[in-house]
Amino acid sequence: MSFDVQVVRKEFPILTRTVNGKPLVYLDNAATTHKPQCVIDALVDYYSTCNSNVHRGAHKLADEATRRFEGARDIIATFINAPSRNSVIWTSGTTESINIVANGLSQLLVAGDEVIVTSMEHHANLVTWQQACARKSAVLKIVPINDQGELDLIEYRKMLNARTKLVAFPHVSNALGTINPIVELTKAAKEVNALVLVDGAQGIAHGDVDVQAIGCDFYAFSGHKIYAPMGVGVLWGKESVLEEWPVWQTGGEMISTVSYSEATWNTLPFRLEAGTPNVGDAIAFGEAVRWFSSFDLPSLQVHEKALIDYATQKANEFDGLTIIGDARNKVGVLSFVLDVGHPADIGFLLDKQGIAIRTGDHCAQPLMNRFNVPGTARVSFAIYNTLDEIDVFFDALRKVKAMLA
Ligand code: PLP
């Protein structure tokens, strides 16, 4: 489908609402995206017509629910070019996906092993590895970044060695917008036989994710960052790796046989999906991805680039504004500080004018320290944002600055 932003906007009921008497300008999409009507409908339709537990029911509703649920898995598998649907594991989100891998890795690590992450991690992809390493006296190494917010690839290569067991990095930084060279990072890690996890929370909605082309072992993402509901996500993993991965939670669905003294495990994907899954949200996630995939991806990318280029140009012209993170390759994320006022005050005063942005440390406290800022104000775009909204934003920011000065 070709792309017309005004047509797209009509699909999002929430965009018609007002906030503090002003039309909503929603620029907090890196935190979560809104849901088009078809996704809301998919959720309502599931609960209205076939709500049932999946896989084990001997009745029509269970059968329908299972078909929709497994159909959604197929949609996701195709979207990320997974070689097998069995390697798409439903989780509650990126955080849980990373925890499944970290929990398993902590069982495989021995003292002196090394794990590498970057300076730009969301806490979900940092604290998790800190904990995994601490359990086994393994060493956590942090790849530095330059002042633009780009990874230092020379330092990264120096860190890799035979003790490196896993490398984890974000596809896209939530706080800076930097798109990392994930194929290059993965290739280097593979030269020392390390496992690779890509935190795809911010990458999934911005490009053509192809897990086979990346060459990673794990790619983790959340539904709510790509127009699907909260509370559902995916861990994609290479089938050969997942088959051997230590089980995460135990319970129903993930077992094959059980006696009073022991149990054997189900095959993939079920061996990593204990208990009743989040069926309705998974189905709506499938619908969100079907909807998103119906657009011409290059047109979407052109739109996103137009937004970030225009916002960056206006930011550069704005007196007293400093952009934090101006990587050459970045998505629609603009993080900044002003020479007056704390980011929290900026967010508060923008909200009074109907504008939603995110302020604070963006779950990346060490990164804020790296840039020597208490936090930033962050504008982040989605498919439905317009150039007009950017004008509204900067007009409002001008008023905020006058109030704070
Ligand atoms: N990683 C990154 C880069 C993120 O931006 C986020 C959320 O903002 C997460 C991980 C955690 O995602 P979730 O809270 O959906 O599990």
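Calculation notes
- Residues numbered from 1 in each chain as written.
- Predicted model: local features only at pLDDT ≥ 70, side-chain atom pairs only at ≥ 80, totals over all residues.
- Heavy atoms only, no water.
- Phe/Tyr/Trp six-rings, centres within 6.5 Å; stacked < 30°, edge-to-face > 60°.
- Buried < 20%, exposed > 50% of the residue type's maximum accessible area, 1.4 Å probe, protein only.
- Pairing = 2+ DSSP bridges.
- Helix = DSSP H or I, 4+ residues; strand = E, 2+ residues; numbered from the N terminus.
- Axes fitted to C-alpha atoms, helices over the stretch in contact; angles between N-to-C directions.
- Contact = heavy atoms within 4.5 Å.
- Parallel < 35°, antiparallel > 145°, perpendicular 65-115°, else oblique.
- Left-handed = near helix turned anticlockwise from the far one by under 90°.
- Arc of directions from axis to C-beta.
- Domains from an automatic or database assignment.
- Buried area = accessible area lost by both parts, 1.4 Å probe.
- Salt bridge = Lys/Arg side-chain N within 4 Å of Asp/Glu carboxyl O.
- Near = heavy atom within 4 Å.
- Polar contact = N/O pair within 3.5 Å; in protein donor to acceptor, adjacent residues only side chain to side chain.
- Areas by Shrake-Rupley, 256 points an atom, 1.4 Å probe, with all protein chains shown as cover.
- Nonpolar A, V, L, I, M, F, W, Y, C, P; charged D, E, K, R; others polar.
- Right-handed = clockwise from strand over helix to strand, strands pointing away.

Novice: Just checking my understanding: could you explain the packing of aromatic side chains for this structure?
Specialist: For any pair of aromatic rings, the description consists of the separation of the ring centres together with the inter-plane angle of the planes. One pass over the structure, following the stated rule, counts 18 aromatic pairs. With a centroid separation of 4.8 Å and 65 degrees between ring planes, the pair formed by Tyr46 and Tyr47 is classed as edge-to-face. Given the relative accessible area of 2%, Tyr46 is considered buried. Put simply, the rings of Phe3, Phe12, Phe79, Tyr227, Trp291, Phe292, Phe295 and Tyr384 pair up and form one aromatic cluster.

Novice: So what exactly am I meant to see when it comes to the sheet that holds strand β7 (residues 164-170) here?
Specialist: To summarise the sheet geometry, strands pair through backbone hydrogen bonds and adopt either a parallel or an antiparallel arrangement. Judged by pairing direction, the sheet is mixed, and its seven strands sit side by side in the order β4-β10-β9-β8-β7-β5-β6 without closing on themselves. Edge strands, defined here as strands with exactly one partner in the open sheet, are β4 (88-91) and β6 (139-143). Ignoring strand direction, the axes of neighbouring strands in this sheet form an average angle of 20 degrees. Strand direction decides the pairing type here: strand β5 (residues 114-118) and β7, joined by three bridges, are parallel. Bridge assignment links Ile116 to a residue of β7, and that residue is Val167. Contacting β5, β6, β7 and β8 (195-199), helix α5 (residues 127-136) runs over the sheet at an angle of about 150 degrees to β6.

Novice: Can you walk me through the packing of helix α2 (residues 37-50) against helix α3 (residues 60-79) in this structure?
Specialist: To characterise two packed helices, one gives the angle between the axes of the helices and the distance between these axes. Two elements in contact, α2 and α3, have axes whose closest approach is 10 Å; the angle formed by their N-to-C orientations is 160 degrees. The angle between the axes of α2 and α3 places the two elements in the roughly antiparallel class. Of the two elements, α2 crosses α3, and the hand of that crossing is right-handed. Facing α2, whose interface residues are Asp45, Tyr46, Thr49 and Cys50, α3 presents Leu61, Glu64, Ala65 and Arg68.

Novice: What is the right way to read helix α7 (residues 182-191) from this model?
Specialist: Along α7, the residues classified as buried are Ile182, Leu185, Thr186, Ala188 and Ala189. Buried residues in α7, looked at end-on, bunch into an arc of 165 degrees, giving them a common side. For α7, exposure combined with an orientation more than 90 degrees from the buried face picks out Lys187 and Glu191. On the buried face of α7, the contacting elements are α6 (153-159), β7, β8 and α8 (211-214).

Novice: Which parts of the structure should I look at to understand the domain arrangement of the protein chain?
Specialist: Accessible area lost when the parts come together is the quantity often used to give the size of an interface. What the domain assignment lists for the protein chain is domain 1 (5-30 + 296-404) and domain 2 (41-293). In this assembly, 33 residues from domain 1 lie in contact with 27 residues from domain 2. Of the roughly 2600 Å² buried between domain 1 and domain 2 on both sides combined, carbon and sulfur atoms contribute 55%. Inspection of the region where domain 1 meets domain 2 yields two salt bridges.

Novice: Just checking my understanding: could you explain the side chain of Lys401 for this structure?
Specialist: Mapped onto the secondary structure, Lys401 falls in helix α14 (residues 387-404). Other than its neighbours up to four places away in sequence, Lys401 contacts Phe318, Asp319, Gly320, Leu338, Asp339 and Val340.

Novice: Could you clarify how one ought to interpret the site of the ligand in this entry?
Specialist: Close to the ligand lie Thr94, Thr95, His122, Ala124, Asn174, Asp199, Ala201, Gln202, Ser222, His224 and Lys225, which account for all nearby residues. A distance of 3.4 Å separates an oxygen atom of the ligand from a polar atom in the backbone of Thr94. Protein burial of the ligand: of its 390 Å² of free accessible surface, 85% is covered by the chains. Looking at the shell around the ligand, its residues break down into two nonpolar, seven polar and two charged.

Novice: Mind showing me how you'd approach unusual backbone geometry here?
Specialist: Apart from glycine, the bulk of residues carry a negative phi angle, and the bulk of peptide bonds sit in the trans form. With an omega of 0 degrees, the peptide bond running from Leu268 to Pro269 counts as cis. Mapped onto the secondary structure, Pro269 falls in the loop between β12 (263-265) and α10 (279-293). Although it is not a glycine, Ser137 sits at a positive phi angle of roughly 55 degrees. Within the element layout of this structure, Ser137 appears in the loop between α5 and β6. Even without being glycine, Asn372 reaches a positive phi, approximately 60 degrees. Since its relative accessible area comes to 70%, Asn372 is described here as exposed.

Novice: Even after reading the chapter, I still don't get the pairing of β5, so can you show me in this structure?
Specialist: Of all five residues that make up β5, five are buried, and the element is covered over most of its length. Residues Glu114, Ile116 and Thr118 of β5 are buried on one face, and the alternating residues Val115 and Val117, pointing to the opposite face, are buried as well. Sheet analysis places β5 next to β6, joined by five bridges and oriented parallel. Bridge pairing in β6 places Ile116 opposite Lys141. Crossover β5 to β6 through α5 is right-handed.

Novice: Is there a simple way to explain the sheet that holds strand β13 (residues 321-323) in this structure?
Specialist: With antiparallel pairing, four strands are arranged side by side in an open sheet as β13-β14-β17-β16. Looking at which strands have only one partner, the edges of the open sheet turn out to be β13 and β16 (358-360). When strand polarity is set aside, the average angle formed by the axes of neighbouring strands in this sheet is 30 degrees. Both β16 and strand β17 (residues 376-380) contribute to a ladder of three bridges, which runs antiparallel. Pairing of Gly360 across the sheet is with Thr376, part of β17. Contacting β14 (333-338), β16 and β17, helix α12 (residues 343-351) crosses the sheet at an angle of about 155 degrees to β16.

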